Amino acid sequence: SATGASGPLCEIEFELKSGSMDDLIALARRWVARFHLWLDVRTKADRGDQMARRQQTGPVVHACTDSVDLRDKTSADAALRLMVADCLAHLLPNAAEVARDVVVTSEPEHLHQTRVALRRLRSALRNYGAFSSATQASWAIGLKTLFDQLGAARDRDALEGTVLPALLKAGSPPLDLLVPPPAGDPAAALRSRACNQLLLELIGFAQGAPLDVDAPGLKGQLRQRLRHVHRQLRADADAFPTMNDASRHRTRKRVKRMRYSVELVAALWRPKAVNGLLDGLRLAQELLGELNDLMLAERLCRQRVATDARIWFALGWIAARRAALLDQTAVALRQVATAPRFWRRH
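Here's a quick rundown of the structure. Remember, it's a predicted structure, so these values are computed and weren't measured experimentally. (Residues numbered from 1 in each chain as written. Predicted model: local features only at pLDDT ≥ 70, side-chain atom pairs only at ≥ 80, totals over all residues. Heavy atoms only, no water.)

1. Concerning the overall build of the protein
Piece 1. The number of helices and strands found in the protein is 11 helices and zero strands.
Piece 2. Element order for the protein, N to C, with α for helix and β for strand: α-α-α-α-α-α-α-α-α-α-α.
Piece 3. In summary, the protein has a C-alpha radius of gyration of 22 Å against a globular reference of 20 Å for 346 residues, a match within 12%.
Piece 4. Principal-axis analysis of the C-alpha atoms places the extent of the protein at approximately 70 × 60 × 35 Å.
Piece 5. Taking all 346 residues of the protein together, the buried fraction comes to 46%. (Helix = DSSP H or I, 4+ residues; strand = E, 2+ residues; numbered from the N terminus. Rg over C-alpha atoms; globule rule 2.2 N^0.38 Å. Buried < 20%, exposed > 50% of the residue type's maximum accessible area, 1.4 Å probe, protein only.)

Below, the structure written as structure tokens:
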């Protein structure tokens, strides 16, 4: 490059010149199984530009709220394939940065967005998976396994990036011992054969031809699924003040599933109709996420309080912050429960 920078390049490119997408995917899967290849969607031009700018990592890719181009006449099968394609467009660039050479580590946000994309993909398949007979039950299992493998590293990043700085700002003595040691290797998980075989199957599904023809009525089919998840959240909003931690964690997962399920189909409705519910869901998710981080920090504190008196400050601060968050979250969930249900409008 113009800067004199250089780097190793070892890749094989699979390109469909003729034939079917199924044949291309089958070929790629055989090579993954035999030679332990893994997916990397970064082009040589991308990497060259990155070196020219002396950047260690590529940009973090975020999801767009209404990026799935749906129409009411889109068939249910085609709609699901478009949703999966959108989730993969979010997932694959971030996963490539995490999976890259271990000498150059990715930013924590790449890992966070990889997990967000996996959650969006899992939400799409759980809420709308029945739209296509071509989906496989094994996908949900594989995606959950991968999500869990990346979770320990994400918890560590969350503690280092949010809870510990807040404690220090509040006057706590240094508490680096709270951060758990690294557990598992996210890069290795994303380079594994199992992960890449799964991703290739999902790519094949997303790019495959729909099994049915377009016909009006997609909104009606989406309405049933949105109504079901929202009904669960309305019940959770009523019960939230008396819930235990396990139930609140379940509510957090439902909030995420509802948010991503709405975002994936938002293009079918007017933004003004959708945004009221989405604003409440985003706020509730943020607050529930902070509560989750505090629960993790509290658990780690209680494991060490007998051997380090400094931990008592942290436990007191966590208790106070937790109480405030519970009140704020209850209000946010009530906003979700009472927001206009846009899917009821024509």
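2. Describing the state of the cysteines
Piece 1. Using the criterion set out here, one finds zero disulfides in the structure.
Piece 2. Of all cysteine sulfurs, the one in C87 lies closest to C64, which takes part in no disulfide; the gap is 12 Å.
Piece 3. As a non-bridged cysteine, C195 has C87 as the owner of its nearest cysteine sulfur, 15 Å distant.
Piece 4. Of the residues examined, C195 reaches a relative accessible area of 6% and is grouped as buried. (Disulfide = S-S within 2.5 Å.)

3. Details of a nonpolar patch on the surface
Piece 1. Together, I12, L27, W31 and F35 give the surface a local cluster of nonpolar side chains, amounting to about 340 Å² of exposed area.
Piece 2. Mapped onto the elements of the fold, W31 is located in helix α1 (residues 21-35).
Piece 3. Residue classification places W31 among the partly exposed residues on the basis of a relative accessible area of 33%. (Patch = residues over 30% accessible without salt bridge, like charges linked within 9 Å, V, L, I, M, F, W, Y side chains within 5 Å. Areas by Shrake-Rupley, 256 points an atom, 1.4 Å probe, with all protein chains shown as cover. Salt bridge = Lys/Arg side-chain N within 4 Å of Asp/Glu carboxyl O.)

4. Some points on the environment of V68
Piece 1. Within the secondary structure, V68 sits in the loop between α2 (44-52) and α3 (76-99).
Piece 2. The class of V68 is buried, set by a relative accessible area of 4%.
Piece 3. Sequence separation of V68 and C87 is 19 residues, and the distance between their C-alpha atoms is 9.4 Å.
Piece 4. Ignoring sequence-local partners within four residues, the contact set of V68 consists of L82, M83, D86, L264 and A267. (Contact = heavy atoms within 4.5 Å.)

5. Some thoughts on empty space enclosed by the protein
Rolled over the atoms, a probe as big as a water molecule pinpoints where empty space is left.
Piece 1. Going through the model one piece at a time under the given rule, you end up with three cavities of 30 Å³ or more.
Piece 2. Empty space within the largest cavity amounts to approximately 70 Å³.
Piece 3. Taken together, W38, L39, D40, V41, L92, A95, A96, A99, L190, C195, N196 and L199 make up the full set of residues lining the largest cavity.
Piece 4. Elements with a minimum of two residues in the lining of the largest cavity: α3 and α7 (193-207).
Piece 5. Per-element tally for the lining of the largest cavity: the top contributor is α3, with four residues.
Piece 6. Here the lining of the largest cavity is built from residues that sort into 10 nonpolar, one polar and one charged.
Piece 7. Roughly 50 Å³ of volume is contained in the second largest cavity.
Piece 8. Looking at the lining of the second largest cavity, its residues break down into three nonpolar, two polar and four charged. (1 Å grid on protein atoms, 1.4 Å probe; cavity = no way out; pocket = protein on both sides within 12 Å on 5 of 7 lines; lining within 4 Å. Points joined across faces, edges and corners; volume = space filled by probe spheres on them. Nonpolar A, V, L, I, M, F, W, Y, C, P; charged D, E, K, R; others polar.)

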